[in-house]
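Chain residues, written in single-letter form:
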Amino acid sequence: MGQGAAHPSNADIHLISIQMANKVVPPILDRACFGPLLTTPTVRDTVPPAVIVRLAERHFNDDWGDLPGEDQELNMNIINGIHNKDKEAEFGRIMSVYTWPGLPEKIWIISYLQHDSKLQQDPDCCNTVVMFPSEY
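All residue numbers refer to positions counted from 1 along the written sequence of the respective chain. Thresholds applied to this predicted model are a pLDDT of at least 70 for local features of residues and 80 or more for the giving and counting of side-chain atom pairs; totals over whole chains, interfaces and linings are not thresholded and use all residues. Hydrogen atoms and water are omitted, and side-chain values are computed over all heavy atoms in the structure.

Residue-level account of the environment of Val130, with values.
Mapped onto the elements of the fold, Val130 is located in strand β4 (residues 127–131). Under the relative-accessibility criterion, Val130 is labelled buried at 2%. Here the alpha-carbon distance between Val130 and Ser111, two residues 19 residues apart in the chain, equals 8.9 Å. Contacts are assigned to residue pairs with any non-hydrogen atoms lying within 4.5 Å of each other. For Val130, the residues in contact, after removing those within four places along its chain, are Leu37, Leu38, Thr39, Thr40, Val43, Ile52, Ile107, Trp108 and Ile109. For the purposes of this entry, the term helix denotes a DSSP run of H or I that reaches at least four residues, the term strand denotes a run of E that reaches at least two, and both are numbered from the N terminus. Burial classes: relative accessible area under 20% of the type maximum marks a residue as buried, over 50% as exposed, and values in between as partly exposed (1.4 Å probe, protein chains only).

As structure tokens, this is what we get:
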């Protein structure tokens, strides 16, 4: 390395390892578990498609935005149960809340998850909806 390059000390590396070990990270579910991506007519007419896609990708990758901590914990429990194919968690609902500049209110994304591959094909059993809270 060049002169003046910073080298992390062993203490720094240990601290980073401890911080990473203490963080609970849910597994990323297969995209099929989320079903088709749907929007309400109001969201379709108000929110640019690129914003919908960007927020949906965050949702699919366990970034739940402004969701309170206790609701994030519920999301993690559902995702872990579905990922582990726990019989008591064959399906479940997770939610994300996002603020986006220029929109009239927050955006909610709600997924009804399924790990059963046959039920994943049924949009009545497995889907992801993008909506405004006022539409709930």
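That covers the picture; the talk isn't over yet.
Would you mind going over helix α3 (residues 49–60) in detail, with residue names and values included?
Taking 1.5 Å as the rise per residue, α3 with 12 residues should run 16 Å; its terminal C-alpha atoms sit 16 Å apart, in good agreement. Turning to α3, its buried residues number three or more, namely Val51, Ile52, Leu55, Ala56, His59 and Phe60. Viewed along the axis of α3, the buried residues span an arc of 165°, placing them on a single side of the element. In α3, the exposed residues that point more than 90 degrees away from the buried face are Ala50 and Arg54. Once α3 ends, the next one or two residues include Asp62, with phi positive near 65°. A helix is expected to reach a length of 1.5 Å times the quantity of its residues less one. This arc is taken over the directions from the axis of the helix to the C-beta atoms.

Before we move on, can you summarise the confidence of the model for the chain with the specific residues and values?
pLDDT is a residue-level measure of predictor confidence that goes from 0 to 100. Chain-level statistics for the chain give a pLDDT mean of 79 and a share of 75% at 70 or above. Highest mean pLDDT in the chain belongs to helix α2 (residues 41–46) (96); lowest belongs to helix α1 (residues 10–22) (41). Note that pLDDT drops below 50 for residues 1–25; the model gives that stretch 4 contacts with residues more than four away or on any other chain.

Pulling in residues and values, what's your account of the nonpolar core?
In plain words, nonpolar cores are sets of buried Ala, Val, Leu, Ile, Met, Phe, Trp, Tyr and Cys residues tied together by side-chain atoms within 4.5 Å. In terms of nonpolar packing, the biggest core is built from 18 residues, with Leu29 and Leu113 touching the most fellow members. At the level of secondary structure, the elements contributing two or more residues to this core comprise α3, α4 (69–83), β2 (91–98), β3 (107–114) and β4. Val43, Val47, Leu55 and Ile109 belong to the second largest nonpolar core, which has 11 residues in total.

Quick one: what's the story with the packing of aromatic side chains, residue by residue and with numbers?
The way to describe two aromatic rings as a pair is by their centre distance and the angle between their planes. Side-chain rings of Phe, Tyr and Trp, where Trp is taken by its six-membered ring, are said to pair if the distance between their centres is within 6.5 Å; with planes under 30 degrees apart they count as stacked, over 60 as edge-to-face, and otherwise as tilted. Taken as a whole and judged by the stated rule, the model has 2 aromatic pairs. Ring geometry for Trp108 and Tyr136: centres 5.5 Å apart, planes at 65°, overall edge-to-face. With a gap of 28 residues between them, Trp108 in strand β3 and Tyr136 in the segment after β4 connect regions that are remote in the sequence.

An account of the sheet that holds β4 is needed here, citing residue identities and associated values.
Here 4 strands make up an open sheet; going across it, the order is β1-β4-β3-β2 and the pairing mixed. Both edges of this open sheet fall to β1 (37–39) and β2, since each of them pairs with a single strand only. Strand-to-strand, the axes of this sheet are offset by a mean angle of 20°, without reference to chain direction. Strands are labelled as partners when DSSP assigns at least two bridges between them. Where β2 meets β3, 8 bridges bridge the pair, whose relative direction is antiparallel. Looking across to β3, one finds that Phe91 is bridged to Gln114. Sheet strands touched by α4: β2 and β3. Its angle to β2, the strand with the most contacts, is close to 140°. With axes taken as lines fitted to C-alpha atoms, and helix axes fitted only over the stretch in contact, angles between N-to-C directions fall between 0 and 180 degrees.

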